[in-house]
Each structure stands twice: as structure tokens, then as C-alpha cells.
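Below are the chains, spelled out letter by letter.
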Amino acid sequence: MTVALFVPCYIDQFYPRVARAALTLLERLGCRVEVPLDQTCCGQPLANAGFAREARPVMAHFVRVFAPYDYIVAPSGSCVFHVRHHLEADDAEAVRHVQQRTYELCQFLREVLQVERIEARFPHRVAVHDSCHGLRGLGLGRPSERMVPAYSVVRDLLRQVDGLELVEPSRPDECCGFGGTFAVEEEAMSVRMGQDRLDDFLQAGAEVVVSTDMSCLMHLEGLARRQQLPLRFLHVAEILAGAD
Amino acid sequence: MEGFIELPVVDHARLAARFVADAERVQWHDALLWQVRLKRDRAAAEVPEWEELRRLASEIKAHVLTYLDRYLEQFEAQARACGIQVHWARDAAAHNRIVHELLATRHVRRVVKSKSMLTEECGLNPYLEARGIEVVDTDLGERIMQLLRQPPSHIVTPAIHLRREEVARLFHEKLGVPENLTPDELVAVARRVLRQKFLEAEAAITGVNFAVAETGTLVVCTNEGNADLGMHLAPVHIAAMGIEKLIPRLVDLGVFLRLLARSATGQPLTVYTTHIGRPRPGQEVHVVLVDNGRSRRLGLPRFWPALKCIRCGACMNTCPVYRRSGGYSYGATVPGPIGAILMPGYDAARYRTLPYASSLCGSCREVCPVQIDIDEQLYAWRQEVGPRYVPRLKRLAMRLAARVLASPGRYRRAGRLLRWSLRRLPRRILYGPWNGWGRARELPSAPAESFLEWYRKTRASATAQR
Ligand code: SF4
């Protein structure tokens, strides 16, 4: 199976290790992975700020780059959410194709590859930070507001990892407060939300916080590093690919 | 926001920053509302068909809003047949005028009023007071806010932002009772004072939670019974309702009553649910049907679903921003997530920051008993207000970013420059006052090589470029 790896711009620039982990993981699971070298950004940062119109050339470029592929996989729930729900470009046919074929990494492992067994070891106490776009936007798990049977794609995958112990914060899926430009425009609010989230993780006894979204982790890690809190932050791909 | 005409804009970010500065108070406020959210979770979990109910409620509302004209006419005919007098108000001014006229022609000087967000929206209290009519709010929370001469900070629990000691001090100052009364004693004081007002009142004003088109019935829900006391004692009852409060049939009511109380406070039902079918002998009942921008919103293809709102307040209790910024940071009659999509519909310029007062986490959408896609509407409102109101400089920055991100070459060069700067520039420049991210947070550390650079070097030869 050929898969195009979509590497969101901020992961490309700041967290290449996450993209490498996603690449390793997909290849180990038997996918032929292509990385379109002309890719840039899906346009989410601009569109969420209210500039979807300005972002149209960016989105059109995205569609051009990824339209030739059957599967497009990204290690970022929020970018995939944007692609699925807010992508706009003139070529409606191509847009629809790209929207239907773009998957968040864990969702791809679960729905398309139907992974049953992950070979990885990570003997640490881990808390999952559910990114809002992944959880409520893409349905990677049951949001706590919903009265339906509980499930969690990410936790199911992590439970296959040797030695990994899952711990849960008291508020299962509270937002970390990143929110794109919200993090700067409503800085005080964003910082406070992140702080509360960190306190909850520490209270739960977590050593490592993992997420499907590096953007949430960038914010949380930024706060934790400033205060030298004893927490590590890893993308779920890194653990599944065998990081330590 | 320099270089930019000043309008009386609600600056949510600044107001929220001020609220959040009192760390201890924020923690208290957040925890209090989170408790209400947890109560709601427990109550909703007890209903196996909860999600089915939400879907039904949403569809009933969509239906009634689609045929609103017909249902309004049906309601009017039925209500009149029952002896309820029906009035139509195009806007807030008309509503206030109608209510005042009804009171003035009957020489009413004293009115008791139960909870109604609509009369808040119309500014009825100051309007009547300026014309020499005494209006006493009888919901305890609203009474407290009235004594403070402040608007509610939450649509269901108007004084939730006040602590017990603050209420005790207020009662001491305004009602002359001893300081430091317990909550029970405070309620007893309020009850005694209000009872006198109920007995003296010559008219009662209430809101309307639901109006049934099929029967012409008005339904009012309260936990304190204050609406009932008011409208049963007074010879004149005026009910003010937004035209979107209509539901088609009496059998539909059960769907909404089961959702409303559980979503609002985690109760199975509100304590008092009163149906007003026909006036008792000697009493006049009037209903004022208020549009005030609602029919215009009904015509907005993207935003009409906000009219489904039954004002349960659940989205406020779940919203991580509202819980930590308080109701007043929205500068709006209806604060919180639903307010952030309602208010720009009235005045996009004034409320243009509200669609940004959110991390778009979507919790409001999942909690909403009538399934309003609040976060998606916030996104859509940003597309409306963003380009219209942001300062020139930011607009230029957005255009520039789009130019960079639309071209692989420019993207590569900009990325290199950015990473180089993050690695090489001295800390004192990187964390200068311009850096809103860096005041409390470290910037991510920048690697020497981007992923795509690494891939091009080590792997690209193996992969044919498409
Ligand atoms: S938008 Fe939904 S959750 Fe919020 S007050 Fe209205 S009905 Fe309740």
C-alpha cells in the first residue's frame, strides 16, 4: 500500500523526529511511504485565524501536491481536521478526494491497517493528552460529554506497548489552551489553561505526556520547560515507533 | 491594535487577562462551574437514550424554525382562543414600549419579574425604572445582581461568580441585616423581603421557556417557584418571549424538559414547570412575541442554527475559557460560547473579538442538548469578522504568510531563516516584549535540519519525485 506522508509545517520545522517516527512506523507496518517534497502547509493556521480566503492559494497547493495519492497520512489531528472539514480550493473533485483520503496517523493504523500488534517497549507512566480536534473533531475517542460507550483509539494502541502504564488526569479531555493564534492573542487565558492541564497530569503521577498533536505539546512543553517541571512530552508516533 | 479606528469594541482578551490575574479566584470559579458540568454528566448518563433525545430536539427545532411563520400564526390563534392577549414586537424598543403601555394604562407602579434573558437583552428594567415603575427581580441570583446594579454573569446562575461572603456583605449593606449570615439565613432574608414585594405587586413579568403552537400554552420553568408566585398573585401577567421559543406540539415538550434541567443543573426536572393555558377569572395574561434580529438571523444560511438554543447554559459550564474568564469578559447579555456566536449577529463590529474567545475545542458542541455546532459557527464567524476588522498590519502579515506557504521554495527559505534565528539570536532579543508566546513559555528548540531537508538528503534518491 502506498501512503503519502503529510508532514505539517510546524512538525517539519521544529519536530523532524516526529515525522521520522511516523515514517519508520508506517514502513515497519508494511506501507510504501512517499514523502512529496513540495508539500508546505495545509493552511490551517491562517484559516482558523479567520483568513480562509487568504489561505486559498496555500490550500490549492496542498490539494495539487496530495491529490495523486490514495492515502494521505499525517501525525497531526488538527491539521487532518482542517483538511477534512475546511479545505477549500477550486478543483472540487480533487478537494473531495483529498478530504476523504486524509487520515490522522492513529486513525489510519486503526481503520485502514487494522493494526493488532505493535512491537514497542516503553516502561514509563504515560498520560494521554487528547487533542480536541483529534478527539471531538475526528472521533479518535469518546469525548466525556457524549453518552455513548467509551473507546479510545490512542489508548488502545498504547496498551499494546510493553511496560507502558497509562495514568488518567481528573479531567479526562480538558483543552490544553493552545488553540493556534489563541495562544498569543489570549495569552493569559491560554497559559492558565495549559498550567491547569499540567497540574492535572502531575497530580495523576504522569512521567510522560503523549498526544496525537505536537501543537498541544509545544504549548504544554513550553510551559513545563520554563518551570522545569519533571515531565517529558512525546508524540504518540515516537512511542509506537520505539522511542525511549 | 494601533493604526485602527477605535470603536466601543469588547476586548475579550484584555478583560479575560484581568479576570485571570486573580489566580485563586479563577481556580474557584473554574472548579465551581466544573462541578455543574459533572452533575450534568451524571444526570445525562442516567438517560440511556440521551444522544437520541439530543438528535430529536435538534430536529424538532430545525423543523419549527423552518416553518416558523406558520407556527407563530397557529400559536397566536390558539393563545387568543384561550384568552391570552398576543402582542408583536419588532425590536427591543417596541417590546419595552408595549410592556410599559400595558403597565401605564393600568396604573401599575410595582412589578415583580422572574428570570428572563430576553428582558435583559431589551434593557427592560432601566426603561421601566426611568418611567417611575419599580421592578423587582425575584429570582434570588437576579435579585442579588439587581441589588448590585450589575448584569448577570451566567444565563442560568446569574450570581455564580459571587462568593457567599460577598452576598452576605451586600445584604448587610442593602437590607440592613447582620453581617456574616449563613447561606440558609441569607435565603430566609431574601424570602421575607421578596414575599412583601410579591404581595404588593400589581403586575408580574415572566420569561417563557417554551410556547406550544398546537395549544397556545406558555411553559415557564423555575427552581424557586418565584415565577408562579408572581403570576398567580398579580392581576396582570406579561410574558416576554423570543419568537424562537416555539415548539410544535405538547408531546414535543417532554423531549425538551428532559434535556433542559439535566443540561442546566443536573436535575432530572426543574422544580416548577408551569403551563399557562388560560387566564384565571379576573386576570389578564399578555404575551409579547419579540423578534429583535431573530428573523434576520433566520435568513443567514450559516448561522440560523444558533436559534435552536434553549438557554440551558451547559456550554458555559463546560467551556474552558468561560470557566476561567468569567461572564463579564464577554461584555454581552449572553456570554460564553453561545453568546460568542449570537452577539456578532447583532453587532459584528462591537463583538468582533468574541469568535476568537475560544480555542475551538468543541466541548460546547458535544454538550449542547440541541446539537448546535457552536465551534463550527465560531470558525465561520471568524471568516466574517477577521478580514473586516483586523488591523492593516496583521492583514499584511497574513497575506505574506500565505505567499510563503503557497510556494515550496519560499517555504524552505523562510523555514531555514526561522530556525537559524531561533538558534542564533540572543535570548534577550528572542524573548523581547514583542514575544507573547515567550512570556510564560519556552519556544520550541529549533533543529539544524527540517524533516524535508533530511529526507531529501538521505532518502529522496530512492523515491521518485512526483
Ligand atoms: S447553545 Fe446549547 S448548550 Fe449553550 S445554552 Fe444554548 S442550548 Fe444550552
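As the structure is a computational prediction, the values presented were derived from the model and not from experiment.

About the thresholds
Along each chain, residue indices are assigned from 1 in the same order as the chain's sequence is written. The order in which chains are written sets their letters, starting at A; the order in which ligands are written sets their numbers, starting at 1. Whole-chain, interface and lining totals are the exception, using all residues; otherwise, since this is a predicted model, local features are given only for residues with pLDDT of at least 70 and side-chain atom pairs are given and counted only at 80 or more. With hydrogens and water set aside, each side-chain value is computed from the structure's full complement of heavy atoms. Here a strand is any run of E in DSSP of at least two residues, a helix any run of H or I of at least four, and the numbering for each starts at the N terminus. As defined in this context, the radius of gyration uses C-alpha atoms, and a globule is described by 2.2 Å times the residue total to the power 0.38. Burial classes follow relative accessibility: with a 1.4 Å probe on protein chains only, a residue under 20% of its type's maximum area counts as buried, one over 50% as exposed, and anything between as partly exposed. Using a 1.4 Å probe, the Shrake-Rupley method yields the accessible areas, and only the shown protein chains count as cover for residues. Charged residues are defined narrowly, with Lys and Arg counted positive, Asp and Glu counted negative, and His plus the chain ends left uncounted. Throughout, a charge is located at the NZ atom of Lys, the CZ atom of Arg, the CG atom of Asp or the CD atom of Glu. For two strands to be treated as a pair, DSSP must find at least two bridges joining them. We define a salt bridge as a contact between a side-chain nitrogen of Lys or Arg and a carboxyl oxygen of Asp or Glu at a distance within 4 Å. In this description, contact between two residues means that some pair of their heavy atoms is separated by no more than 4.5 Å. Using a 1.4 Å probe, buried area is obtained as the accessible area two parts lose upon being combined, added over both of them. We call two N or O atoms a polar contact when they sit within 3.5 Å, provided that within protein one can donate a hydrogen and the other can accept it, with sequence-adjacent residues counted only if both atoms are side-chain atoms. The nonpolar class holds Ala, Val, Leu, Ile, Met, Phe, Trp, Tyr, Cys and Pro. Asp, Glu, Lys and Arg form the charged class, and all remaining residues, Gly among them, are polar.

Undergrad: A description of the overall build of chain A should follow, citing residues and the corresponding values.
TA: The helix and strand tally for chain A stands at 13 helices and eight strands. Computed over its C-alpha atoms, the radius of gyration of chain A comes to 17 Å, within 12% of the 18 Å expected for a compact globule of 244 residues. Oriented by its inertia axes, the alpha-carbon framework of chain A measures out at about 50 × 40 × 35 Å. Expressed as a percentage of its 244 residues, the buried residues of chain A come to 67%. Counting every atom, chain A has about 8300 Å² of accessible surface; 46% of that belongs to carbon and sulfur. For chain A, the centre of its 25 positive side-chain charges and the centre of its 33 negative side-chain charges are spaced 2 Å apart.

Undergrad: How would you explain the pairing of strand E1 (residues 2–5) of chain A if you had to name every residue and give the values?
TA: All names here are of chain A. When E1 meets strand E2 (residues 32–34), the two strands line up parallel, connected through three bridges. Its bridge partner being in E2, alanine 4 is matched across the sheet by glutamate 34. Two strands pair when backbone bridges link them, and E1 and strand E3 (residues 71–74) are joined in this way by three bridges, in the parallel orientation. Bridge pairing in E3 places alanine 4 opposite isoleucine 72.

Undergrad: Hey, could you go over the pattern of salt bridges for me, with residue numbers and the actual values?
TA: Taken as a whole and assessed by the stated rule, the structure comprises 50 salt bridges over all chains. Close ionic contact of arginine 37 of chain B with aspartate 41 of chain B constitutes a salt bridge, the shortest N to O distance being 2.9 Å. Here arginine 37 of chain B pairs with aspartate 41 of chain B, and both are found in helix H2 (residues 23–45), just four residues apart, close to one helical turn. According to the relative accessible area criterion, arginine 37 of chain B is buried, its value standing at 2%. Overall, the relative accessible area of 13% leaves aspartate 41 of chain B in the buried class. Through salt bridges with shared partners, one network takes in Arg171, Glu174, Arg192 and Asp196 of chain A together with Asp30, Arg323 and Arg324 of chain B.

Undergrad: Can you break down the environment of arginine 54 of chain B residue by residue, with the values?
TA: Among the structural elements, arginine 54 of chain B can be located in helix H3 (residues 50–66). In this structure, the C-alpha to C-alpha distance between arginine 54 of chain B and leucine 175 of chain B, residues 121 residues apart in sequence, is 44 Å. What arginine 54 of chain B contacts, discounting residues up to four positions off in sequence, is Arg146 of chain A together with Leu259, Arg365, Glu366, Val367, Cys368, Pro369, Val370 and Gln371 of chain B.

Undergrad: Break down the interface of chain B and chain A for me, with residues and values.
TA: Across the boundary between the two partners, chain B contributes 85 residues, which contact 71 residues of chain A. In this assembly, chain B packs against chain A so that about 6900 Å² is buried in total across both faces, 58% of it on carbon and sulfur atoms. At the boundary of chain B and chain A, one finds 11 salt bridges. Close ionic contact of glutamate 366 of chain B with arginine 146 of chain A constitutes a salt bridge, the shortest N to O distance being 2.5 Å. Where chain B packs against chain A, one counts 39 residue pairs in polar contact (both at pLDDT 80 or more). With 11 residues, the top contributor of residues to the side of chain B that touches chain A is H2 of chain B. Residue composition of the side of chain B that touches chain A, grouped by class: 41 nonpolar, 18 polar and 26 charged.

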